[in-house]
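These are the residues of each chain, in order.
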Amino acid sequence: MTKRRTQKTHKPSHTRQSLTASGWLEPKCWQISKIEAAEALRMPVNRLVKVYTKQHQVIVLYLKKKGQKCSSFFSYRLFGR
């Protein structure tokens, strides 16, 4: 006969939180310049229109190669702060 191992499912005594939810990081307060964003995204500075931060992400408004505006969301982890 083989013995079966039963897995105990238990709730951890503490719940894990993200660094932003726990208050260790506050990317919303960061002032990321266009130069910093251009370096992180490997994009020419003249293509960046606006960079602003939200609680969990950085939003970058930039120009496509044909001159059209486009926006994208990026993780704050991409930036070296």
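Undergrad: Give me the lowdown on the packing of aromatic side chains, citing residues and values where you can.
TA: Taken as a whole, this structure holds 0 aromatic pairs when the rule is applied. Over the aromatic face of tyrosine 52 sits the side chain of lysine 50, whose NZ or CZ is 5.1 Å from the ring centroid.

Undergrad: Residue-level account of the pairing of strand β1 (residues 48–53), with values.
TA: Bridging between β1 and strand β2 (residues 57–63) involves 5 bridges; their strand directions are antiparallel. Bridge assignment links threonine 53 to a residue of β2, and that residue is valine 58. Hairpin connection from β1 to β2: 3 residues lie between these consecutive antiparallel strands.

Undergrad: Break down helix α1 (residues 34–41) for me, citing the residues and quoting the values.
TA: Among all positions in α1, only Ala37, Ala38 and Leu41 are buried. Buried residues of α1, viewed axially, fall in a sector of 100°; they line one side. Exposed side of α1, more than 90 degrees from the buried face: Ile35 and Glu39 are the residues found there. Where the residues of α1 are buried, they touch β1, β2 and β3 (69–75). Positioned one or two residues after α1, arginine 42 has a phi angle of 55°, which is positive.

About the criteria used
- In every chain, residue numbers begin from 1 and rise along the written sequence.
- Totals for whole chains, interfaces and linings use all residues, but because this is a predicted model, local features are given only for residues with pLDDT of at least 70 and pairs of side-chain atoms are given and counted only at 80 or more.
- Values reported for side chains reflect all heavy atoms of the structure, with hydrogen atoms and water molecules removed beforehand.
- Centres within 6.5 Å make a pair out of two Phe, Tyr or Trp rings, where for Trp the six-membered ring is used; the pair is then stacked when the planes are under 30 degrees apart, edge-to-face when over 60, and tilted otherwise.
- Comment: the charge-over-ring label is applied if NZ (Lys) or CZ (Arg) is within 6 Å of the ring centre and within 35 degrees of the ring normal.
- Any two strands with at least two DSSP bridges between them are considered paired.
- Runs of H or I in DSSP of at least four residues are treated as helices and runs of E of at least two as strands, each being numbered from the N terminus.
- Note on exposure labels: buried denotes an accessible area under 20% of the residue type's maximum, exposed denotes more than 50%, and partly exposed covers the range between, all computed with a 1.4 Å probe on protein chains only.
- Note that the arc is defined by the directions from the helix axis to the C-beta atoms.
- Any two residues whose heavy atoms approach within 4.5 Å are treated as being in contact.

Remember that the coordinates give geometry; whether it matters functionally is a separate question.
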